[in-house]
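For reference, the chains in residue letters:
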Protein chains: 2
Amino acid sequence: MDGGDEPAFVRIARGIADDVRRGRFRAGDALPGTRPLATTLGVSRNTVVAAYRELVAEGWAVTRRGGGTFVAEGLPDPPPRRIRGAVRPVEMASAAAFPLHGDASEPPDPPETPRGTLVMAGGVPDVRLVPVLDLARALRRVLTGKAARGVLGYGDPRGDARLRAAVADLVRERRGIAARPENVLIVRGSQMALELVARAVLPGGRAIAVEAIGYRPAWTAFARAGARVVPIPIDRDGLDVDALAAVVRREPIAAVYVTPHHHYPTTVTLGAGRRLALLGLARRASFAVIEDDYDHELHYEGRPVLPLASADVHGSVVYVGTLSKVVAPGLRLGYVVAPEPVIERLARERFVLDRQGDHVAERAVAEMLEDGTVARHVRRMRSVYALRRDLLVAELGRAFGGRIDVRAPPGGMALWARVDLAPHLVAVWERRAAREGVVFAAGERFVFDGGAVPFARFGFASLDERELREAVRRLARAFPRS
Amino acid sequence: MDGGDEPAFVRIARGIADDVRRGRFRAGDALPGTRPLATTLGVSRNTVVAAYRELVAEGWAVTRRGGGTFVAEGLPDPPPRRIRGAVRPVEMASAAAFPLHGDASEPPDPPETPRGTLVMAGGVPDVRLVPVLDLARALRRVLTGKAARGVLGYGDPRGDARLRAAVADLVRERRGIAARPENVLIVRGSQMALELVARAVLPGGRAIAVEAIGYRPAWTAFARAGARVVPIPIDRDGLDVDALAAVVRREPIAAVYVTPHHHYPTTVTLGAGRRLALLGLARRASFAVIEDDYDHELHYEGRPVLPLASADVHGSVVYVGTLSKVVAPGLRLGYVVAPEPVIERLARERFVLDRQGDHVAERAVAEMLEDGTVARHVRRMRSVYALRRDLLVAELGRAFGGRIDVRAPPGGMALWARVDLAPHLVAVWERRAAREGVVFAAGERFVFDGGAVPFARFGFASLDERELREAVRRLARAFPRS
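Residues numbered from 1 in each chain as written. Chains lettered and ligands numbered in written order. Predicted model: local features only at pLDDT ≥ 70, side-chain atom pairs only at ≥ 80, totals over all residues. Heavy atoms only, no water.

(A) Inspection of helix H15 (residues 465-478) of chain A at higher detail. All names here are of chain A. The end-to-end C-alpha separation of H15 is 20 Å, in line with the 20 Å expected for 14 residues at 1.5 Å each. Three or more residues of H15 are buried, namely Glu 467, Leu 468, Glu 470, Ala 471, Val 472, Arg 474, Leu 475 and Ala 478. In the core, the buried residues of H15 are packed alongside strand S3 (118-119), helix H13 (373-400), helix H14 (423-436), strand S15 (438-439) and strand S17 (455-459). (Helix = DSSP H or I, 4+ residues; strand = E, 2+ residues; numbered from the N terminus. Expected span 1.5 Å × (residues − 1). Buried < 20%, exposed > 50% of the residue type's maximum accessible area, 1.4 Å probe, protein only. Contact = heavy atoms within 4.5 Å.)

Next up, the structure:
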């Protein structure tokens, strides 16, 4: 509603307040009697009484013993011009009257895509597969059950106890990490985990090593925490640990951030020898290994490779996982597994950041982990996504012949493919494809220094078979003739 | 499950990997043939084949053309001692092998209270009143409705569009702030809002003024952002704006953090004259006013006083509100209302911090705001809490005579009372009360420099009438005889 729909007494009170602001009444002035003002305004006396009560409540006026209402003392001189209309609230300012720190030019999210665009997003599951009824039922059970009181109020910043236990079970049973509930911190999603770790292990100016082709939002979080971000080359076996060792010989680093299971974005798996070498190096040089195992479950060939954390006897690894991919990104649930002192340190940062998580959702997902709902959903996703991967490989092969060198990745939600184009033309293709209604990512988006590379990334998980076929047709139409 | 329940092929693969780690096999060594090893181990040949496939998948071994499986090249020299058993995962380390930055000694949350303790928490609503069925229904509607796809995936870091619009309506209609949806950022709770604002307006070393008796978690967030936190005295009219002006004359400040509606923790309302003076000062000195209106709805006498933001024509005010109190703290929903450039700047910080909110919960609460469920719940809370406030005032009066000077606050969820005790004895009373099974807060907890004051704070919202009576009995038993 706008001001015109407000009760009469509010309009009258606002009008008088504005008169005070404009200087028509001054501090200590008597306001008109309620009876004459009611007659003047054509309202009941009660309305004026209510307006005066409002003015008193808002501090504009005071009543004195013996009767009468007066403009409050202590109001400053009237401002030089009228600052708002009598009734309507002031317009919201269109700019800030104070300086903002840092850069706000880049928008926080990609531009909107027109309706009908097929987005081959590399990290997004198909939300059409989310077991929404199971989730709704679990939420209802939590909200209406005996535990409701416990999860609706303020709670533990480390996360709901049941979910901490369920995650400890999950990583112990499926991933060989000897975690207890005390080793688990529930967070919003892996981005918050990275933010917390950055605060806990990267005092200003220290260095963190990252994969030179990798996950840019992580680099941003580290840089914002004041760290120097040092790119390390990657190859077909993932992070070049020898190159990392050379860096460590030159300068101490506080941490390394790696995606060893399916390297982001290339999906290669860090080789066994490099795993051991990395853990040994971390121990000797006392740096933290931040292991982001963002899609552990989505492995299609054989069993997933065990995380670095499963062989971490010395406490070098901070293991970051997410439930966003396996339940729903919109739910925002992730976790950190680490030695208990690390968890306590991160929990402290978490408390300052946003106090605690949504314990209703946390408890509901704990129940879905306990009763096997999540495991069933993961099995379903895995079989659906494996089919989509194979379909996309086949369709790209048919449409592009040898121009795109596609190998089916052993896991994940995207293909990383060498493209037979001059490197700078991949971005041209990306832009032309967007106009054709299909979004993929040119490889340079993942390169630390932004240099062009003859690679591209195609997500396959969030599109169904019909959509994938159409996406490839559009990709082919957009392909630059070079 | 522990390792003993794992399939035989996994146990065999782990055993061989451990042999490699222990140096029994070296890089390039041929592994035994599958047939003889199967005979030796008493398993089927397929099991050994599966184990070798596993070793290859994990990078421990390679197969060569012409047959045979070999230990992969590039494994480092064996570590000097056995690092884990053949089957069981390694124990989680009990300490970090890397340095942690900053202090982790203070626990992130208050110690557990024994069962039966009555907690007179000042900022906690009674979660027994939460409309859980309405909330469960709203969540189910969102999850199973047409919009589900839109809210389950990744979305806008500024928040669900429907909730941004509903919050803009709320503050426009009820609080006189001329907000449009673009002026609204949905966050987790007010703590995250303060964190984001700190990052956006407090580049390292700048000063922020705060109420010298106030909300410590906010001070912590500002200090962690690198700001110098400057306390400003408060009195019966709230923040002493003259004192603030004197500070501003001496040194520039980037922002002031205030709770003008019900000052935290004393519940006094910032006077009208000081409001205008504060806005004028902010404009002239180009600092931001961070207005934390944490319990706007819980006002029992007359209408709530309008926020500073309702008179902010120049864009000095960043208005922070929360839905945690009016729906449920566990849901973690808050918002910032500010000029659009400020919102965009904050959204960028938010993206780095935790990408986005839980859009399922956001949409559900948007629907509860639209259909009046939240308004009904607020009216109910308000009438229940007003009764509890009056009961607590009466009970404290009866039990303590004149030793506690209680005035019923016009709003909020707690009483702030002068206590007829030497200041240092209030904390003694607090400790004795905890032993009697009732938790309240000594005034010094809210004092910037921690000095003792003869005040105490008693929350009344989360306890019912029977509990409040019992709480006062326990308070009386614990009262120091001085």
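Structure's up, so let's keep going.
(B) Representation of a positive patch on the surface. Residue and element names in this part refer to chain A. A grouping of Arg 431, Arg 432, Arg 435 and Arg 481 is seen on the molecular surface, where their side chains present a positively charged patch. Along the chain, Arg 432 turns up in helix H14. Relative accessible area serves as the criterion here: at 30%, Arg 432 is assigned to the partly exposed category. (Patch = residues over 30% accessible without salt bridge, like charges linked within 9 Å, V, L, I, M, F, W, Y side chains within 5 Å. Areas by Shrake-Rupley, 256 points an atom, 1.4 Å probe, with all protein chains shown as cover. Salt bridge = Lys/Arg side-chain N within 4 Å of Asp/Glu carboxyl O. Lys, Arg positive; Asp, Glu negative; His and termini not counted. Charge placed at Lys NZ, Arg CZ, Asp CG, Glu CD.)

(C) Structural context of the relation of the copies chain A and chain B. The transformation that overlays chain A on chain B combines an axial shift of 0.1 Å with a rotation of 179 degrees, and the residual RMSD is 0.3 Å. As the rotation angle and translation indicate, the two copies are arranged about a two-fold axis. (Least-squares fit on C-alpha atoms with pLDDT ≥ 70 in both.)

(D) Molecular detail of the pairing of strand S12 (residues 334-337) of chain B. All names here are of chain B. Of the two faces of S12, both are covered, the one formed by Gly 334 and Val 336 as well as the one formed by Tyr 335 and Val 337. Bridge count between strand S4 (residues 184-187) and S12: four bridges; the pairing is antiparallel. Within S12, the residue paired with Ile 186 across the bridge is Tyr 335. As paired strands, strand S11 (residues 317-322) and S12 are joined by four bridges and run antiparallel to one another. Residue Tyr 319 lies in a different strand from S12, and its bridge partner there is Val 337. (Pairing = 2+ DSSP bridges.)

(E) Spotlight on the pattern of salt bridges. Residue and element names in this part refer to chain A. This model, assessed by the stated rule, comprises 64 salt bridges over all chains. With its nearest N and O atoms 2.9 Å apart, the salt bridge here joins Asp 126 to Arg 128. Classification of Arg 128 as partly exposed rests on a relative accessible area of 34%. Salt-bridge contacts for Glu 470 lead to Arg 474; the nearest nitrogen and oxygen are separated by 2.9 Å.

(F) Structural view of the pairing of strand S11 (residues 317-322) of chain A. Residues and elements named next belong to chain A. Of all six residues in S11, six are buried; the element is thus mostly enclosed. What you see with S11 is no split at all: Val 317, Tyr 319 and Gly 321 on one side and Val 318, Val 320 and Thr 322 on the other are buried throughout. Examined bridge by bridge, strand S10 (residues 288-292) and S11 share four bridges and lie parallel to one another. Along S11, the bridge assignment pairs Val 289 with Val 317.

(G) Structural context of the interface of chain A and chain B. Tallying the contact residues gives 124 residues for chain A and 123 residues for chain B. Between chain A and chain B the total buried area reaches about 11200 Å² when both faces are included, carbon and sulfur atoms providing 61% of it. At the boundary of chain A with chain B, the tally comes to four salt bridges. Salt-bridge contacts for A:Glu349 lead to B:Arg224; the nearest nitrogen and oxygen are separated by 2.5 Å. At the surface where chain A touches chain B, the tally comes to 19 residue pairs in polar contact (both at pLDDT 80 or more). Ranked by residues supplied to the side of chain A that touches chain B, first place goes to helix H11 (residues 340-354) of chain A with eleven residues. Looking at the side of chain A that touches chain B residue by residue, the class counts come to 66 nonpolar, 24 polar and 34 charged. (Buried area = accessible area lost by both parts, 1.4 Å probe. Polar contact = N/O pair within 3.5 Å; in protein donor to acceptor, adjacent residues only side chain to side chain. Nonpolar A, V, L, I, M, F, W, Y, C, P; charged D, E, K, R; others polar.)

(H) The sheet that holds strand S5 (residues 207-211) of chain A, seen in detail. All names here are of chain A. Taken together, seven strands build an open sheet; the order of strands is S4-S12-S11-S10-S9-S5-S6 and the sheet is mixed. Edge positions in the sheet fall to strand S4 (184-187) and strand S6 (228-232), since each has one partner strand and no second. For this sheet, the mean inter-axis angle between neighbouring strands, taken without regard to orientation, is 20 degrees. Sheet analysis places strand S9 (residues 255-258) next to S10, joined by four bridges and oriented parallel. Paired with Tyr 257 across the strands is Ile 290, a residue of S10. The sheet contacts of helix H8 (residues 216-224) involve S5, S6, S9 and S10, and relative to S5 the element is tilted by about 175 degrees. (Axes fitted to C-alpha atoms, helices over the stretch in contact; angles between N-to-C directions.)

(I) Summary view of the packing of H14(A) against H15(A). Residues and elements named next belong to chain A. Two numbers describe how H14 lies on H15: the axes approach to 8 Å, and their chain directions differ by 125 degrees. When the axes of H14 and H15 are compared, the pair comes out oblique. In the crossing of H14 with H15, the sense of the turn from one axis to the other is right-handed. Note on element contacts: H15 touches H14 through Arg 474, Leu 475, Arg 477 and Ala 478, opposite Trp 429, Arg 432, Ala 433 and Glu 436. Of the residues in the contact of H14 with H15, the class split is four nonpolar, no polar and four charged. (Parallel < 35°, antiparallel > 145°, perpendicular 65-115°, else oblique. Left-handed = near helix turned anticlockwise from the far one by under 90°.)

(J) Inspection of empty space enclosed by the protein at higher detail. Under the counting rule described, the total for this entry stands at seven cavities of 30 Å³ or more. Looking at the second largest cavity, its volume works out to about 130 Å³. Lining the second largest cavity are 13 residues, with A:Arg275, A:Leu306, A:Ala311, B:Arg21 and B:Trp60 positioned closest to its centre. Ranked by residue count, the leading element in the lining of the second largest cavity is helix H10 (residues 272-285) of chain A, at three residues. (1 Å grid on protein atoms, 1.4 Å probe; cavity = no way out; pocket = protein on both sides within 12 Å on 5 of 7 lines; lining within 4 Å. Points joined across faces, edges and corners; volume = space filled by probe spheres on them.)

(K) Highlighting the environment of B:Leu333. When you line up the elements, B:Leu333 lands in the loop between S11 and S12. Considering only alpha carbons, one finds B:Leu333 and B:Gly321, twelve residues apart in sequence, at a separation of 9.1 Å.

(L) Broad picture of the confidence of the model for chain A. Residues and elements named next belong to chain A. On average, residues of chain A carry a pLDDT of 87, and 93% of them reach 70 or more. By mean pLDDT, helix H1 (residues 8-22) is the weakest element of chain A at 79, and S9 is the strongest at 98. For the stretch residues 77-88, pLDDT sits under 50, and the model shows 28 contacts to residues farther than four places along the chain or on other chains. (pLDDT = per-residue confidence, 0-100.)

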